[in-house]
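# Summary of structural features
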Amino acid sequence: MREWRDSDRVPYAEMNGDPEVMRHFPSSLTPQQSDEMIERMAAAWRDHGFGLWAVERCDTNELIGFVGLSSPSWHADFTPCVEVGWRLGKQHWGFGFAPEAAIAALDWGFAHIDLPGDQIVSFATEGNINSQRVMQKIGMIRDVEGDFDHPLLPDWVDRRHVLYRIDRQQYNQHVAR
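In what follows, the accompanying structure is described. (Residues numbered from 1 in each chain as written. Predicted model: local features only at pLDDT ≥ 70, side-chain atom pairs only at ≥ 80, totals over all residues. Heavy atoms only, no water.)

Following Thr79, the chain continues into Pro80 via a peptide bond in cis, with omega recorded as 5°. Summarising the element assignment, Pro80 is placed in the loop between strand 2 (63–70) and strand 3 (83–88). Even without glycine at this site, Asn61 takes up a positive phi of about 60°. Its place among the elements puts Asn61 in the loop between strand 1 (52–56) and strand 2. On the basis of relative accessible area, Asn61 is assigned to the exposed category, the value being 53%. For Asp118, which is not a glycine, the phi torsion comes out positive at approximately 50°. Residue classification places Asp118 among the partly exposed residues on the basis of a relative accessible area of 32%. (Helix = DSSP H or I, 4+ residues; strand = E, 2+ residues; numbered from the N terminus. Buried < 20%, exposed > 50% of the residue type's maximum accessible area, 1.4 Å probe, protein only.)

Taking 1.5 Å of rise per residue, 18 residues should cover 26 Å, and helix 2 (residues 31–48) covers 25 Å from first to last C-alpha, within 8% of that figure. All of the buried residues in helix 2 are Ser34, Met37, Ile38, Met41, Ala43 and Ala44. Looking at the buried side of helix 2, the elements it contacts are helix 1 (9–16), strand 1, strand 2 and strand 3. A positive backbone phi angle near 85° is found at Gly49, which sits one or two residues after helix 2. (Expected span 1.5 Å × (residues − 1). Contact = heavy atoms within 4.5 Å.)

Okay, the environment of Ala98 next. Take Ala98: it is sitting in helix 3 (residues 97–112). Expressed as a C-alpha distance, the spacing of Ala98 and Val134, which sit 36 residues apart in the sequence, is 6.9 Å. Apart from residues no more than four positions distant in its own chain, Ala98 is found in contact with Trp86, Leu88 and Val134.

Mapped onto the secondary structure, Glu83 falls in strand 3. Summary of buried charges: Glu83 has no salt-bridge partner, and the nearest side chain of opposite charge, Arg87, is 9.0 Å away. Setting aside anything within four residues of it in sequence, one finds Glu83 in contact with Gly68, Leu69, Ser70, Pro72, Ile120, Val121, Ser122 and Phe123. (Lys, Arg positive; Asp, Glu negative; His and termini not counted. Salt bridge = Lys/Arg side-chain N within 4 Å of Asp/Glu carboxyl O.)

Moving on to the layout of surface pockets. Roughly 230 Å³ of volume is contained in the second largest pocket. Every residue lining the second largest pocket is listed: Met1, Val55, Glu56, Arg57, Cys58, Asp59, Ile64, Phe97, Glu100 and Ala101. If you list the elements that add at least two residues to the lining of the second largest pocket, you get strand 1 and helix 3. Ranked by residue count, the leading element in the lining of the second largest pocket is helix 3, at three residues. Broken down by class, the residue content of the lining of the second largest pocket amounts to six nonpolar, no polar and four charged. (1 Å grid on protein atoms, 1.4 Å probe; cavity = no way out; pocket = protein on both sides within 12 Å on 5 of 7 lines; lining within 4 Å. Points joined across faces, edges and corners; volume = space filled by probe spheres on them. Nonpolar A, V, L, I, M, F, W, Y, C, P; charged D, E, K, R; others polar.)

As a further point, take the pairing of strand 4 (residues 119–125). Of all seven residues in strand 4, seven are buried, a share of seventy percent or more. One ladder, built from seven bridges, connects strand 4 with strand 7 (residues 160–167); its direction is antiparallel. Its bridge partner being in strand 7, Ala124 is matched across the sheet by Val162. (Pairing = 2+ DSSP bridges.)

Written as structure tokens, this is what we have:
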């Protein structure tokens, strides 16, 4: 997990242009939209002191996606909050990279951020079972009562999202296993 580099722009745009990677989002992203996202991710570190890291494989130094922490700018019953999130290229799915990096992000977040409710959340569309499995693997617990329709996507067919949470005590118990 590291800072973003200019050399990340092309592989990141390729990943965001992949319909399979973006299946649980309203659309894939253009190269320009991917570049703008990199700029926003870098700005979050400057403005808030945390954000989404670029993730690369240690054995190949290849960019494989992002993992990190963010604060949604929109309102829901569980906001304000800090969210752990990830997106990896499909050729890197199933190797444990997302849970490994997400645990590192949780560890960093609990150590360095004044967290609302002393917890970190994560959410995904109801159909995104792979992301829900990652949430479970990193010790997060589903808050069925917190499931929500994404407020920025009121007309999208997949607007319904599941909510997972983990607080500091749960996290410490999970990593102690």
